[in-house]
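Coordinate analysis (summary)
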Amino acid sequence: MKQEELQAIAAQLKHPTGEKGIEMANMMHETNINMTRHSIQNLHIESGNTILELGHGNAGHVEFIFEQAENLKYYGLEMSELMYQEARRINRNYVSQKQAFFSLYDGNVIPFQDNFFDKIFTVNTLYFWQDPEKLLSEIYRILQPKGVFCLTFAEESFMKQLPFTQFEFELYSTEKAEKLIEKTAFKIINKETLTEKVKSKMGDLVDRVFTTLVLEK
Ligand SMILES: C[S@@+](CC[C@H](N)C(=O)[O-])C[C@H]1O[C@@H](n2cnc3c(N)ncnc32)[C@H](O)[C@@H]1O
């Protein structure tokens, strides 16, 4: 594959746009659903929880969240206008019932008040954060004192084998992510690294290693 094609894939993963963006989001939803479910399960969602997800893509997994407990409110934040629109379309029933709320933000300042959320999670977005320490301090600010934040990402050892990650991506090993967290007020209360089989762009099955860090205030 040419360098420009690889660059285009990386750009779509970072910020899906146009018709290709919709295709890419469908593909991401299918490929990443196991990581997403792992992150959600580590939140231990309880009835009445208010939950935030950063970078939900097309948000085809929101139904799975509502299966976890009663009386939930889900908020999704994106930087991609296309993903915001897709997520609202796919989840229109939850949106009209005022159970799911989607908004756009600038990737740095989270437009919610202090201590607003019981649970926060994000999957496959860490690589694209412009200012990771600043965003983590924002996540800390909006999480309630007994809240949980799950940070789920694919390991650098796996990601660096994918040719498009040389563009746009900042890759993380568990150790590097832990060092980043140490610079914040968060405490790491659990970490889990799993290996799963995923279909590569060539159609064969490869082992992907990913990690969820479970953080508390
Ligand atoms: C690789 S996709 C992952 C989508 C989904 N979470 C998944 O794992 O399939 C990254 C998504 O995060 C969004 N994104 C990138 N940087 C972000 C940030 N700083 N905050 C929130 N979302 C971000 C992108 O627009 C894109 O939809």
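Just above sits the structure.
In short, a report on the structure. (Residues numbered from 1 in each chain as written. Predicted model: local features only at pLDDT ≥ 70, side-chain atom pairs only at ≥ 80, totals over all residues. Heavy atoms only, no water.)

1. A closer look at helix H4 (residues 81-90)
Those residues of H4 lying buried are Leu82, Met83, Tyr84, Glu86 and Ala87. Here the buried face of H4 lies against helix H2 (18-41), strand E2 (73-78) and strand E3 (100-104). (Buried < 20%, exposed > 50% of the residue type's maximum accessible area, 1.4 Å probe, protein only. Helix = DSSP H or I, 4+ residues; strand = E, 2+ residues; numbered from the N terminus. Contact = heavy atoms within 4.5 Å.)

2. Section: the side chain of glutamate 78
Within the secondary structure, glutamate 78 sits in strand E2. Summary of buried charges: glutamate 78 has no salt-bridge partner, and the nearest side chain of opposite charge, lysine 14, is 12 Å away. Only 3.3 Å separates the side chain of glutamate 78 from the backbone nitrogen of histidine 56, close enough to count as a polar contact. Sequence-distant contacts of glutamate 78, that is, excluding residues within four places in its chain, are made with Gly55, His56, Gly57, Met83, Tyr84, Ser103, Leu104 and Tyr105. (Lys, Arg positive; Asp, Glu negative; His and termini not counted. Salt bridge = Lys/Arg side-chain N within 4 Å of Asp/Glu carboxyl O. Polar contact = N/O pair within 3.5 Å; in protein donor to acceptor, adjacent residues only side chain to side chain.)

3. So, the site of the ligand
Around the ligand, the structure places 17 residues, and the nearest of them are Asn32, Gly55, Glu78, Tyr105 and Val123. A distance of 2.7 Å separates an oxygen atom of the ligand from a polar side-chain atom of glutamate 78. Within the contact set of the ligand, an oxygen atom lies 3.1 Å away from a side-chain nitrogen or oxygen of asparagine 124. In isolation the ligand exposes 590 Å². Once the protein is present, 97% of that is buried. When residues of the shell around the ligand are traced back to their parent elements, those giving at least two are helix H1 (3-14) and H2. Here the residues of the shell around the ligand sort into nine nonpolar, six polar and two charged. (Near = heavy atom within 4 Å. Areas by Shrake-Rupley, 256 points an atom, 1.4 Å probe, with all protein chains shown as cover. Nonpolar A, V, L, I, M, F, W, Y, C, P; charged D, E, K, R; others polar.)

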